[in-house]
Amino acid sequence: MGQTYELLDDRLRAFIQAQRIFFVASAPLSAQGRINLSPKGRDGSLTVLDERTVAYLDFGGSHAETIAHLRENGRITLMWCAFDGPPKILRVHGEGEPVFRDDPRWGELLSRFPAEQATAGGLRAIIVVRARTISDSCGYAVPFMEYQEERDLHTRYFDRKTEEEFAAYCEQKTHNGTSIDGLPALPLPLPPLPR
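Let us look at the structure shown here. Starting afresh in each chain, residues are numbered from 1 along the sequence in its written order. Local features in a predicted model are, by the rule used here, given only for residues with pLDDT of at least 70; side-chain atom pairs are given and counted only at 80 or more, and totals for whole chains, interfaces and linings are based on all residues. With hydrogens and water set aside, each side-chain value is computed from the structure's full complement of heavy atoms.

### Observations concerning unusual backbone geometry
Turning to step 1, where the next piece is worked out: Here Leu-188 and Pro-189 are connected by a cis peptide whose omega angle stands at 0°.
Turning to step 2, where the next piece is worked out: Only DSSP runs of H or I reaching four residues or more are called helices, and only runs of E reaching two or more are called strands; each is numbered from the N terminus. Turning to its location among the elements, Pro-189 is positioned in the segment after helix 7 (174-177).
Turning to step 3, where the next piece is worked out: Notably, Arg-42 is not glycine yet its phi reads approximately 60°, a positive angle.
Turning to step 4, where the next piece is worked out: Within the fold, Arg-42 resides in the loop between strand 3 (36-40) and strand 4 (46-50).
Turning to step 5, where the next piece is worked out: Residue classification places Arg-42 among the buried residues on the basis of a relative accessible area of 13%. Exposed residues in this analysis have more than 50% of their type's maximum accessible area, buried residues have under 20%, and partly exposed residues fall in between, with area computed by a 1.4 Å probe over protein chains only.

### What about the pairing of strand 8 (residues 123-137)?
Turning to step 1, where the next piece is worked out: Burial analysis of strand 8 places 11 of its 15 residues in the buried class, the great majority of the element.
Turning to step 2, where the next piece is worked out: With three bridges joining them, strand 1 (residues 3-5) and strand 8 adopt antiparallel strand pairing. Counterpart to Tyr-5 in the pairing with strand 8 is Ile-134.
Turning to step 3, where the next piece is worked out: Bridge count for strand 5 (residues 53-59) against strand 8 is seven bridges, and the pairing is antiparallel. Each bridged residue has a counterpart across the sheet, and for Tyr-56 the counterpart in strand 8 is Ile-127.
Turning to step 4, where the next piece is worked out: Two strands pair if DSSP finds at least two bridges between them. Relative to strand 8, strand 7 (residues 89-100) is paired through 12 bridges, and the arrangement is antiparallel. Counted as the bridge partner of Val-99 is Ile-126 from strand 8.

### So, the packing of aromatic side chains
Turning to step 1, where the next piece is worked out: Under the pairing criterion, centres of Phe, Tyr and Trp rings, with the six-membered ring standing for Trp, must be within 6.5 Å; the plane angle then separates stacked pairs below 30 degrees from edge-to-face pairs above 60, leaving the rest tilted. According to the stated counting rule, one finds seven aromatic pairs in the structure shown.
Turning to step 2, where the next piece is worked out: An angle of 70° between the planes, with centres 5.5 Å apart, marks the rings of Phe-22 and Tyr-56 as edge-to-face. Taken as a pair, Phe-22 in strand 2 (residues 22-26) and Tyr-56 in strand 5 lie far apart in primary sequence, 34 residues in all.
Turning to step 3, where the next piece is worked out: Of the residues examined, Tyr-56 reaches a relative accessible area of 1% and is grouped as buried.
Turning to step 4, where the next piece is worked out: Measuring from ring centre to ring centre gives 6.2 Å for Tyr-157 and Tyr-169, while their planes differ by 65°; the resulting arrangement is edge-to-face. Note that Tyr-157 is positioned in helix 5 (residues 153-159) and Tyr-169 in helix 6 (residues 163-172), a separation of 12 residues in sequence.
Turning to step 5, where the next piece is worked out: The rings of Tyr-157, Phe-158, Phe-166 and Tyr-169 are connected pair by pair, giving a single aromatic cluster.
Turning to step 6, where the next piece is worked out: Whether a charge lies above a ring is judged from NZ of Lys or CZ of Arg, which has to be within 6 Å of the ring centre and within 35 degrees of the ring normal. The side chain of Lys-88 reaches across the aromatic face of Phe-15, ending 5.9 Å from its centre.

What follows is the structure, given as structure tokens:
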């Protein structure tokens, strides 16, 4: 039977940190707008900031739907599910905010992540999520799956790019500056990394 929680206590934090993948869902206000659901990996790219706040690193890609939705309405849900061990699904329903490279909070937030992720190529924003509701459910139908290793294709691809090449990449992707539904997404030109 599912429960709701006031806080991300030590047990829930340990569960979050043990998962190799999490999922992010967001949506625009428009009834005709597209709902976005994305898997997120990269070990060390998510951290629990406090008992009601998590943050994850947003790396370059073909789209910036989550950023656009957060800029419009802030609604976001993060989900983790156990693919090994006892069954469990955990959701944080909350309000999210993209923190961009030119935000004064950038350095302090980035310091909360492992250095190998914080200095990785292709980092364009930090998504901060403040929980409104924290809940779990049984996860009885989630299959057992065995973790093998991280895929490093994304990391290698963006680590090869200079800052100038990454900024150009972001500008040439159709749905980085605006979402599929035409909402403002990533600020372009991409703000440079703070020195």
